[in-house]
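# Results of the structural survey
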Amino acid sequence: MDMTNKLENMDLDREEIRRRRVFRVFALLSYFLAFFYIKRICLEAGWLQNWMNAMFVFVILFICFVEAFCHFTGLTYHKLKADGCSVWEPVVYFLCLILQGIAVLLYGIHDDWTGWQFLMLHFTAIYYVLARTGSLASGKSGILFLIDCLQGFITIPWSNIGIRLVSIFKRSRIVEDEEAEEYDEAKEEAKEQRDKKIATILITLILAMGICGYALYELTLASDAFYSFSYTIQKAIEDFFETGLFNWIYENDEYILLSIPVGAWLFGLIAGSMKKDRGHLTLKAFEDVTITWHQLPDYSAYIIIGSVCVLYAFFFATELIFMGAFGLYATQAHEASVRAVDSFWALIRIVLLNFAVAGGSCVVSRRALWENRKTRLCATVLFGFATAFALLAAWNLCGVYIAKFGLTPRRILSSWVVGNVLLWCILMLIRLYRRIPAARIGIITAAISYSVVVLGNF
């Protein structure tokens, strides 16, 4: 039995050593990936002509890097399935990433989309990493979407910012359990001896360089032949550092320096997501943290939601009066634009408020809105109004403004936002009565629809 356990431990140790070697290889490769990103996409002069090709190439390299890294560390799709994570969501997100890369390759950045398109491409890449490494809080897209975003952009990469250096320089050794204490003591003693030896060597080298430098100076003064010989050696050394690799490093020093923190962040995101030891919040951990927050009774929901719904009712009453007085259609471009813009931003704010109320009920109420018949009815009215807001915004934007004055890139993007908001409201209404993964459907639909829309030539 002891021999069996010992063999199993040795197998585990060897597997850990293999993983560390894989981490070391990909940590080194991440330097090249980050350098390509910084030079070819961010900073290179004349980047506008080559940016489209470079971005598509980077997307392909990034996906290959992540897939190979996961595969060689044992994080296969079968492993994801065994861990209870979605195995098809990573495929969906990397296909979305490829579609967005193709869109950039074909058309570049759409007019009025510059910041948004660049941000969405990076956001899709980060979310793909979380899905591929099984690091989404619920193991799949869901109601903890905002927490996943926080983890992907901040907590995981920044809490693992030094993992690349550790992966490169940390040494591996198989140690038996009974030898662990002796090994630690020997390791500490060896470290002290090594530090003393390094300090001694450094001091000796500094002294030797100073003495040799002074002697070289005196010898060149004493002999013209020696001066010519030393000058030839000096010139050869200078030529060596001004050609080949060293010359390339000198010409690209700014790209190299800037790619170091970018690569560290990138590797921290991917490797940190695999390790799952720092910067992670799971669904169970979230439930454990918030379990003491469930204090508000059901009548609190009646008061809050009821008050908001009364305000919404007054709004729609005044809106109907306004349309009756001034007409359903805007007669001028400026009027149509004002109506569309005002409706769009009002929709965003109102829907965010409604989802905040629903999400807050899951955290601070004793029961979620859909677990009680009366609160479910209140939530139905609330999201019925949200759906009406979305339909009003869609009418002002698509039925009036775009129908009369045509499409532009910004209007297409706004229509995509309004369409997804309308879908989320409908999904929420269905979720109140049927147990469907509403949040998951909404997130995946948004990712796919955006990736398809951005492929349009406009």
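Residues numbered from 1 in each chain as written. Predicted model: local features only at pLDDT ≥ 70, side-chain atom pairs only at ≥ 80, totals over all residues. Heavy atoms only, no water.

## Things to note about the overall build of the protein
Let me state the cut-off plainly: We count a stretch as a helix when DSSP gives it H or I for four or more residues in a row; a strand needs E for two or more, and each element gets its number in order from the N terminus. Note on exposure labels: buried denotes an accessible area under 20% of the residue type's maximum, exposed denotes more than 50%, and partly exposed covers the range between, all computed with a 1.4 Å probe on protein chains only. Contacts were defined at the residue level, with two residues in contact if any of their heavy atoms lie within 4.5 Å. For the accessible areas, the method is Shrake-Rupley and the probe is 1.4 Å, while residue cover comes only from the protein chains on display.
Broken down by element type, the protein carries 17 helices and 0 strands. The proportion of buried residues among the 458 residues of the protein is 38%. In the protein, the proportion of contacts linking residues at least 24 apart, taken out of those at least 6 apart, comes to 80%. A total accessible area of about 26500 Å² is found for the protein, and carbon and sulfur atoms account for 68% of it.

## Details of empty space enclosed by the protein
As a reminder, the rule being used: Cavities and pockets are found on a 1 Å grid laid over the protein atoms alone: a cavity is a set of points where a 1.4 Å probe fits but cannot escape, a pocket is an open set with protein on both sides within 12 Å along at least five of seven lines, and a lining residue has an atom within 4 Å of such a point. Grid points are joined across faces, edges and corners, and a volume is the space filled by probe spheres set on the points. For this classification, the nonpolar set comprises Ala, Val, Leu, Ile, Met, Phe, Trp, Tyr, Cys and Pro, the charged set comprises Asp, Glu, Lys and Arg, and every other residue, Gly included, is treated as polar.
What the rule picks out here adds up to 1 cavity of 30 Å³ or more. Considering only enclosed or pocket space, the largest cavity measures out at about 30 Å³ in volume. Around the largest cavity sit F123, I126, Y127, L130, D148, C149, G152 and F153, which together line it. Of all the secondary-structure elements, those providing two or more residues to the lining of the largest cavity are α5 (114-132) and α6 (145-159). Considering only residue class, the lining of the largest cavity consists of 6 nonpolar, 1 polar and 1 charged.

## Regarding the packing of aromatic side chains
Put simply, the test is: Only Phe, Tyr and Trp rings are paired, with Trp represented by its six-membered ring, and only when their centres lie within 6.5 Å; those with planes under 30 degrees apart are stacked, over 60 edge-to-face, the remainder tilted. When the NZ atom of lysine or the CZ atom of arginine is within 6 Å of a ring's centre and also within 35 degrees of its normal, the charge is said to sit over that ring.
Counted by the stated rule, this structure contains 21 aromatic pairs. In this structure, R132 is placed above the aromatic ring of Y77, and the distance from its NZ or CZ to the ring centre is 4.1 Å.

## Thoughts on the nonpolar core
Our working rule: By nonpolar core we mean a set of buried residues, namely Ala, Val, Leu, Ile, Met, Phe, Trp, Tyr and Cys, connected to one another through side-chain atoms within 4.5 Å.
F62, F69, Y93, L97, Y128, F267 and I270 are the most contacted members of the largest nonpolar core, which totals 54 residues. Counting only elements with at least two residues in this core, the list comes to α1 (2-43), α2 (47-72), α4 (89-107), α5, α6, α7 (163-169), α11 (253-275) and α17 (438-453). Leaving out residues up to four positions away in the same chain, F62 has contacts with L33, L97, A125, Y128, V129, L266 and I270.

## A short note on the pattern of salt bridges
Just so we agree on the cut-off: Counted as salt bridges are all cases of a side-chain nitrogen of Lys or Arg within 4 Å of a carboxyl oxygen of Asp or Glu.
Going through the model one piece at a time under the given rule, you end up with 3 salt bridges. The closest approach of N and O atoms between E67 and R132, which form a salt bridge, is 3.1 Å. A residue pair is termed long-range when its members are at least 10 positions apart, and E67 in helix α2 and R132 in helix α5 qualify at 65 residues. You'll find E67 and R132 in the same group, each marked buried. Among the ionic pairs, R440 bridges to E89, the shortest N-O distance being 2.7 Å. Taken together, the positions of R440 in helix α17 and E89 in helix α4 put the pair 351 residues apart, joining distant regions of the chain. According to the relative accessible area criterion, R440 is buried, its value standing at 15%.

## Quick word on the side chain of T133
Applicable threshold: Here a polar contact means two N or O atoms within 3.5 Å. Within protein one must be a hydrogen donor candidate and the other an acceptor candidate, and residues neighboring in sequence count only if both atoms are side-chain atoms.
Looking at where T133 falls in the secondary structure, it is placed in the loop between α5 and α6. Judged by relative accessible area, which is 0%, T133 ranks as buried. Polar side-chain contacts of T133 include one of 2.7 Å to the backbone oxygen of V129. Polar side-chain contacts of T133 include one of 3.5 Å to the backbone oxygen of L130.

## Here's the deal with the environment of T155
Topologically, T155 is positioned in helix α6. At a separation of 3.5 Å, a polar atom in the side chain of T155 contacts the main-chain carbonyl oxygen of Q151.

## Observations regarding α6
Filter applied, for reference: Take the number of residues in a helix, subtract one, and multiply by 1.5 Å to get its expected span. A residue's bend is simply the angle between two axes: one fitted to the seven residues ending at it, one to the seven starting at it.
Compared with the 21 Å implied by 1.5 Å per residue over 15 residues, the 20 Å span of α6 between its first and last C-alpha is a close match. The sharpest bend along α6 measures roughly 50° and falls at Q151.

Without other data, these values stay purely geometric and don't point to any function.
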